[in-house]
Amino acid sequence: MKKILRIAIFLWTLPLFAQSNTGELRLTVIDPSGWGLKSTVELISEANEYRYTFTTDEHGGLDAKRLPYGVYRVQIEAPAFARVSHQLEIRSAIPLVRTIRLRVAPVSESVKVSASATLVDPYRAGSVNELGLQTIQDRATALPGRSIQELVSSQPGWVFEGNAVLHPRGSEYQTQYVVDGIPLTDNRSPSFGPGPVDADDIESVTIYTAGIPAEFGRQMGGVVEINTLKNQDPGLHGQLTLYGGTYDTAGADTQGQYTWDGNTLSVNASGSRTAHYLNPVVPENYTNRGTAGNFSLSFERDLTPKDRLTLIVRHELDRYEIPNELVQQNGAYLPNANNITGCPSGAGPQPGDCVFVAGGQLQTGDNFETIGIASYQHVFSSKVLAVLRGMSRDNSTDFNSNAASWPLNTTLHNDFKEVYFNGSISVHHGKQEWKTGVESDAKFLHENFGYVMPYCANISNPLCAIHLGILDAGATTFAFAGTRPDLEQAAYIEDAIRIGKWSVDAGLRWDHYQLLVHQNAVSPRLAIARYFPSVGVNVHASYDRIFQTPSFENILLSSSPSAETLDTSIPTVQVPVKPSNGNYYELGATKAFFGHLRLDTNMFRRDVSNYADDNQILSTGLSFPIAFDKAVLYGAEGKLEVLQWKRFSGFASYSYIVGNAWFPVTGGLLLGNNAINPTSGHFPDSQDQRNTVRGRVSYQVVPRLWIALGADYNSGLPFQPDLTAQQYATEYGQTVISHLNFIRGRVRPYLTENASAWVDLYRHEKRSMRLQADLGNLSNTLELIDFGGLFSGNAIGPGRSVMMRLTTSF
C-alpha cells in the first residue's frame, strides 16, 4: 500500500490532465517549388467511420483534430495537379506533422490505397465500436431525450430498457458518458437526469465494453465517449434541424460556428416537447408529457502552435410527467387479501372484499444542470504532450405528487455540486505510446425525500396488506434528509506497444473511494491483438479488472439506518452499498470481406462481486441503489457492417447474454414483503435477455434519394410476479398481461420494424438541405420492453409513429 501511495503522490505532482484516445494531423500541401498550395483534402478511415473533406488555407495547411486512433487514407486534389493518395496512421495524442508535394498533371504520384486498407485496424487491441458523422446523420429520428441512447443501443451487447436506460452486457445502470473528455458518471437517461447531449450536436461516438483503457474508471459497465467539437473550417458555418410527428412531438436544434485566426466560437441551442417522454406502463399512455432544452457555448483558441485553450459552458433542463397505471388514472375497486376472484368493473355496488381507490394521480419531475469545462493543451516537443481539464457543475432533481396520488404521495428534492479535474501526459517513444495521469472528483450530495400512504393512514385497510405488503403503521409515512461529500481520486499509467503484427495495450489504475465506505483498489488492464494479413483477420483478447463505484442517486437514504424504520414488522439491517469489484474477459476477431464488409465477433464473461443494481419504491419510479452479493454474466455477440458497397450500406448485429445474480442484497428502499431478503440463492439478472437482433439496410435510389428498412427483435426480459394475472390485469390491462409468459417468467418475444427515406433537396459545397421521414413500429406491435414496475420493470415502447426531420447546413 505504501508503494501505491508513493506512486499516487508522484503522479499528483504532475501538472497535467487526461485526454481521450484521439490524435491530430497537421498537414501541409505544397507545389513542386515548395510553395503552399490551396487544395481539397479528403480524410477517410472506414474502421472509425470517419470521412471528412477539408480545404487547406492559402499556405497549404490544415489541422484535423480529434481523430480516433487508426489507419487513414488521405486523398488530395488541386486544379492542374495530379491527384495524390497516401495512407497514414494516427497512434498518438501528439500531433502528426506531414508535408505532401503535388506534381503537375498528368504525372501521378498516387499510391493506391484500397478501401479495405482502412476497413480493419490491424493494431486495434481491444473491442471498440465507432459511430461516425454519416451514421449519426442518417439515424432514424428519436423521441426527445433518447437520440444518443438509441444510437448506442444499435450496437451488439447493449440492451435498451425502459426510459432509455442503457445496459451494457447485462450491467445495470453502469454506463459512463465521457463528453469532450469529461466523465459523467450519473444516470443520464430521461427521468434520471438530463441527457448527455443531443445526437444533432455530436461529431463522433466511441464505445467500449472490453479492453477499456486504464484512464476510464468508476462506472465500468460500458464507456460511451462523445465528441461534440467540430472541425474548424474557416468562416461561419451552422446547422438548423426541425423535427416533429406522432405524440405531439416537436423540436428544433440550431448550431453556429465561426472560425478566424486560430479562434473558434460555437453556440448550440435546442428545445423539444412530446406526449411520450417516458415509457408508459399501460398502452393508453396516460400523463406522459415532457419538455427538454439545452444551451451550450464553446470557445477554442490556438494560443500558439503548441498551446490550445478550450472553454465550454452548458445548461440543460427537463420537465416531465410520470406515466399512470389504469388505477392511478381512472380509479378502480381493488380486491383485498380475502378476495381471490377480483372485483367487477364499473362504479356499481361492489362486494365487501373490494376497496375503492380514486384516480386522478399526477406526479411530475424535473432535472436542471449547469456545467462549465476548461481545458488546456501544451505540446512540449514532437514526443511529449500534456493536457489539463477541469469541470464544475450544479445538478438538481425534483419529484412532486398531487393529493390523489396512489399508493404513495411522494416528494423528492435532491441536488449535488461537483468539482472535477484530471490530467495526463503522453510520451511517444519508438514503438510505444505512454500515457500517465491523475483525476480527482468531489461531489457534495444533498437528499430530501418523503412520502405519505394516504390509503394506509388506518393500517387495517386491507389494501396495505395485499397491494403494498405493508403490515406496520410505521411504514405509512416517512421523511429523510441527508448531506455528505463523495470524494474520489485516481491515478493511472498506460502503454500501447506495436511489435510487428502484434499489439499490446497495458494499463494499471489506482482508485480511492470515500463516501459511506473507504476503499482503495488497483486494477490492471491488458488487451492483446495479432493481425494475420494473409487472411485479413485481427484476433484480440482482453482482461479488465474493474473497480466500480455505486450509483450516488439516493445512496444516502439507501444506506441509512433510517430506512430500517420503514417497516418494523420485518427485521432489516441497512448496510452501506459498497463498490463493485470484477473481472472482465473477452476474446474476439475482426475480418474484412470483399473490401466492403466487416465482421466483428466477440465472446465475453464478467464476474462481479457486490453487483450493482437498483430498486424502485413501489410504483413511484424513484430509483435507489442496491448491490447483490455477486453476479456472473456471459455471452457472445457479432456485427456485420457494410459501410458503402455500391448503393448499399447497413448493419446487422446479434447478442446472446446470460446473467445471474446472487443474494443477499444490500441498500435500497425495501417495503413490506420486498424487505424479505434471502441469504442465499440466485435468479436471472434483470437484463438477462438471451437473444437480441438489430438491423438496418440503406439503399441509394438516385444520387439524392435514399431509403432504409430496419428491424429489432427481442426475446424478452425476465420478470418475477408477486401478484396473480387477474390482479395485474386490474392495474395494467389484459392486453399487457397477454404479452407475459408466467410459466417461463419472461416477457414474450417481440419484433418491430421501421422504415426511413431521405432526400437532399439542395446540396452545393458546404451548403445542403435534407428532408427525412421515419416510420417506426410499422406493425404497431405492443412493445413490452420489461415488466414489474416503472423504470426497473414495466415499460412499453411507442406504437406506430411517423416523424419528419428537416436539416439545413451551411
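This one's a predicted model, so the numbers in the text were calculated from it and none came from an experiment.

Caption draft 1: Seen up close, the nonpolar core. Counting 30 residues, the largest nonpolar core has Phe449, Ile555 and Ile617 as the members making the most contacts within it. Of all the secondary-structure elements, those providing two or more residues to this core are β24 (409–429), β25 (432–452), β26 (477–499), α6 (555–558) and β32 (623–645). In this structure, Ala64, Val74, Ala78 and Val84 belong to the second largest nonpolar core, which totals 29 residues.

Caption draft 2: Looking closely at the sheet that holds strand β2 (residues 40–45). Taken in spatial order, the four strands of this open sheet run β3-β2-β5-β6, and their pairing is antiparallel. The open sheet has two edge strands, β3 (50–55) and β6 (84–90), and neither has a second partner. Looking at each pair of strands side by side, their axes are set apart by 20° on average, direction ignored. Here β2 pairs with strand β5 (residues 70–77) via five bridges, running antiparallel. For Glu42, the partnering residue across the bridge sits in β5 and is Gln75.

Caption draft 3: Focus on the pairing of β26. As paired elements, β25 and β26 share 21 bridges and run antiparallel to each other. Counted as the bridge partner of Glu433 is Ala496 from β26. Here 13 bridges tie β26 to strand β27 (residues 502–514), and the two strands are oriented antiparallel to one another. By the bridge assignment for β27, Asp495 is matched with Ala506. Between the antiparallel neighbours β26 and β27 lie two residues, among them Gly500 with a positive phi of about 60°.

Caption draft 4: Seen up close, the packing of aromatic side chains. One pass over the full model with this rule turns up 24 aromatic pairs. Relative to Phe683, the ring of Phe628 has its centre 5.1 Å away and its plane inclined at 65°; by these criteria the two rings are edge-to-face. Note that Phe628 is positioned in strand β32 and Phe683 in strand β34 (residues 682–684), a separation of 55 residues in sequence. Each residue in the set Phe719, Tyr728, Tyr732, Phe742 and Phe787 is aromatic and connected to the rest through ring pairs, giving one cluster. Lying over the aromatic face of Phe532, Arg530 brings its terminal NZ or CZ to 4.7 Å of the ring centre. Lying across the ring of Trp662, Lys630 places its NZ or CZ 4.7 Å from the centre.

Caption draft 5: The arrangement of a nonpolar patch on the surface in detail. A cluster of nonpolar side chains, Leu236, Tyr258, Trp260, Leu265, Val267, Phe295, Leu297, Val313 and Phe810, forms an exposed patch at the surface whose accessible area comes to about 770 Å². Going through the elements one at a time, β16 (249–260), β17 (263–274) and β18 (290–304) are the ones with two or more residues in the nonpolar patch. Looking at the secondary structure, you find Phe810 in the segment after β43 (801–809). For Phe810, a relative accessible area of 40% gives the class partly exposed.

Caption draft 6: Representation of the pattern of salt bridges. Under the defined criterion, the tally for this structure stands at 45 salt bridges. The closest approach of N and O atoms between Lys65 and Glu300, which form a salt bridge, is 3.1 Å. Here Lys65 is found in strand β4 (residues 61–68), whereas its partner Glu300 is found in strand β18, with 235 residues between them in sequence. Per residue, the accessibility class of Lys65 equals that of Glu300, and both read buried. Residues Glu316 and Arg188 are paired through a salt bridge, measuring 3.8 Å at the closest nitrogen-oxygen approach. With Glu316 in strand β19 (residues 307–321) and Arg188 in the loop between β12 (182–184) and β13 (204–208), this residue pair connects regions lying 128 residues apart in the sequence. With relative accessibility at 7%, the residue Glu316 sits in the buried group. By relative accessible area, Arg188 is classed as buried at 1%. Through salt bridges with shared partners, a single network forms among Asp186, Arg188, Arg218, Glu316, Glu369, Arg393, Glu418, Asp441, Lys443 and Glu488.

Caption draft 7: Layout of the side chain of Asp233. Tracing the backbone shows Asp233 in the loop between β14 (222–227) and β15 (235–245). Relative accessible area serves as the criterion here: at 13%, Asp233 is assigned to the buried category. The contacts of Asp233, once residues within four sequence positions are left out, are Tyr52, Phe54, Gln257, Thr259 and Lys766.

Caption draft 8: Region of interest: the confidence of the model for the protein chain. Taken over all residues, the pLDDT of the protein chain has a mean of 85, while the share at 70 or more is 87%. This stretch, residues 1–19, has a pLDDT under 50; its non-local contacts, to residues over four places away or in other chains, come to 46 contacts. Under a pLDDT of 50 for its full length, residues 107–113 has, in the predicted model, 16 contacts with residues more than four places off or in other chains.

Caption draft 9: Structural detail: unusual backbone geometry. Cis rather than trans, the peptide bond between Phe663 and Pro664 has omega equal to 5°. In this structure, Pro664 sits in strand β33 (residues 648–667). A positive phi angle, near 55°, is found at Arg66, a position not held by glycine. You can see Arg66 is positioned in strand β4. In the Ramachandran plot, Asp248 falls in the positive-phi region, its phi being about 55° despite a non-glycine side chain. Here Asp248 lies in the loop between β15 and β16. Classification of Asp248 by relative accessible area gives partly exposed; the value is 43%.

Caption draft 10: Geometry of the environment of Thr666. As for its position among the elements, Thr666 is in strand β33. Owing to a relative accessible area of 23%, Thr666 belongs among the partly exposed residues under this scheme. Note: C-alpha distance between Thr666 and Asp629 (37 residues apart in sequence) is 8.2 Å. If we ignore the near neighbours within four places in the chain, the residues touching Thr666 are Val575, Pro576, Val577, Pro625, Ile626 and Ala627.

Caption draft 11: A look at the sheet that holds strand β11 (residues 175–179). If you trace the five strands from one edge of the open sheet to the other, you get β8-β13-β14-β11-β12, paired in mixed fashion. Looking at which strands have only one partner, the edges of the open sheet turn out to be β8 (128–131) and β12. Put simply, the sheet's adjacent strands are angled 20° from each other on average, direction ignored. Where β13 and β14 come together, five bridges link them in antiparallel fashion. Paired with Tyr208 across the two strands is Val223, which belongs to β14.

Caption draft 12: Layout of the environment of Tyr72. Structurally, Tyr72 is set in strand β5. Given a relative accessible area of 0%, Tyr72 falls into the buried group. As for Tyr72 and Ala117, which are separated by 45 residues in sequence, their C-alpha atoms are 8.5 Å apart. When neighbours within four sequence positions are excluded, Tyr72 is seen to be in contact with Leu43, Ile44, Ser45, Asn48, Tyr50, Leu67, His86, Gln87, Leu88, Ile90 and Thr118. Within the structure, the side chain of Tyr72 is placed 3.4 Å from the side chain of Asn48, a separation counted as a polar contact. Among the polar contacts made by the side chain of Tyr72, one reaches the main-chain carbonyl oxygen of Pro68 at a distance of 2.5 Å.

Reading the values: rules and limits
- Residues numbered from 1 in each chain as written.
- Predicted model: local features only at pLDDT ≥ 70, side-chain atom pairs only at ≥ 80, totals over all residues.
- Heavy atoms only, no water.
- Core = buried A, V, L, I, M, F, W, Y, C linked by side-chain atoms within 4.5 Å.
- Buried < 20%, exposed > 50% of the residue type's maximum accessible area, 1.4 Å probe, protein only.
- Helix = DSSP H or I, 4+ residues; strand = E, 2+ residues; numbered from the N terminus.
- Pairing = 2+ DSSP bridges.
- Axes fitted to C-alpha atoms, helices over the stretch in contact; angles between N-to-C directions.
- Phe/Tyr/Trp six-rings, centres within 6.5 Å; stacked < 30°, edge-to-face > 60°.
- Lys NZ or Arg CZ within 6 Å of the ring centre and 35° of its normal.
- Patch = residues over 30% accessible without salt bridge, like charges linked within 9 Å, V, L, I, M, F, W, Y side chains within 5 Å.
- Areas by Shrake-Rupley, 256 points an atom, 1.4 Å probe, with all protein chains shown as cover.
- Salt bridge = Lys/Arg side-chain N within 4 Å of Asp/Glu carboxyl O.
- Contact = heavy atoms within 4.5 Å.
- pLDDT = per-residue confidence, 0-100.
- Polar contact = N/O pair within 3.5 Å; in protein donor to acceptor, adjacent residues only side chain to side chain.

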